[in-house]
Amino acid sequence: MSGFAKVKEGGDALDLGTGTGIIPILMTAKTPGRHFTGLEISDLSADMASRSVVLNDLTEKVTIIKGDIREADALFAPASFDTVTSNPPYLQGTHGLLNPDPEKAAARHEVFCTLEDVVRAAAVLLVPGGHFYMVHRPFRLAEIIRTLSQYGLEPKRMRLVYPYIDKEPNMVLIEAVRGGRPRMTVEKPLIVYERPGVYSTEIIGIYGY
């Protein structure tokens, strides 16, 4: 996500469901954005994210807020962010087994928010022409595009992520623009591994090795 999303110079960005805060922290180094905010409902994850911000000396650039995505419009003013990112839970209640650990269950299944909740929040909080970036699972792609369009976020760019060149994609990166015109670019596939345990050259570049 941090290699796919962009924040303009002087822009403000929000990460919905930030977990341990890795996306805002990475994006302070990879983009010229002014300020980065992470919203996280879990006490444990929000505390870890806040400590990571302090340890990386980023308290002036990154703010972690404990809160619910479903109440984001009460936590932030409408149209207050130039960029919104999210790596939301991928699985609905009917998809697979629910982990007995509440933290892990919420990270993987739509326990505290749905895809629609995330998209709705992004649509409200983005400025007109603002950009929304999300990573999700390809098997929900039709639903993702439908939901984005429903809330006035026009899909503009998409990239499928493959674990190996000869395997099916297991992630999709998608960019949408609030009030954008219809036209989407499908970028070349991103291959994670050349072979077991060996990252592809592009992944090495993204990770900054």
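Residues numbered from 1 in each chain as written. Predicted model: local features only at pLDDT ≥ 70, side-chain atom pairs only at ≥ 80, totals over all residues. Heavy atoms only, no water.

**A short note on the pairing of strand β3 (residues 62-66)**
Consecutive side chains along a regular strand alternate between the two faces of the sheet.
Point 1. Where strand β2 (residues 35-40) lies against β3, 5 bridges are found, and the strand directions are parallel. Opposite Thr 37, over in β3, you have Thr 63 as the bridge partner.
Point 2. Regarding the hand of the β-α-β motif, the stretch spanning β2, helix α2 (residues 43-55) and β3 is right-handed. (Pairing = 2+ DSSP bridges. Helix = DSSP H or I, 4+ residues; strand = E, 2+ residues; numbered from the N terminus. Right-handed = clockwise from strand over helix to strand, strands pointing away.)

**Considering the pattern of salt bridges**
Point 1. Counted under the stated rule, the structure contains 11 salt bridges.
Point 2. Bridged by salt links that share partners, the residues Glu 116, Asp 117 and Arg 120 form one connected network. (Salt bridge = Lys/Arg side-chain N within 4 Å of Asp/Glu carboxyl O.)

**Quick look at a nonpolar patch on the surface**
Point 1. On the surface, a nonpolar cluster with roughly 360 Å² of combined accessible area is contributed by Ile 204, Tyr 207 and Tyr 209.
Point 2. Within the element layout of this structure, Ile 204 appears in helix α7 (residues 201-207).
Point 3. Note on Ile 204: relative accessible area 32%, which makes it partly exposed. (Patch = residues over 30% accessible without salt bridge, like charges linked within 9 Å, V, L, I, M, F, W, Y side chains within 5 Å. Areas by Shrake-Rupley, 256 points an atom, 1.4 Å probe, with all protein chains shown as cover. Buried < 20%, exposed > 50% of the residue type's maximum accessible area, 1.4 Å probe, protein only.)

**Describing the packing of aromatic side chains**
Point 1. With the rule as written, the count across this model stands at 5 aromatic pairs.
Point 2. Each ring, one from Tyr 193 and one from Tyr 199, has its centre 5.1 Å from the other, and the planes form 15 degrees; the classification is stacked.
Point 3. Arranged with centres 5.3 Å apart and planes meeting at 85 degrees, the rings of Tyr 199 and Tyr 207 form a pair that is edge-to-face.
Point 4. Residue classification places Tyr 199 among the partly exposed residues on the basis of a relative accessible area of 27%.
Point 5. By way of ring pairs, the aromatic residues Tyr 164, Tyr 193, Tyr 199 and Tyr 207 are connected into one cluster. (Phe/Tyr/Trp six-rings, centres within 6.5 Å; stacked < 30°, edge-to-face > 60°.)

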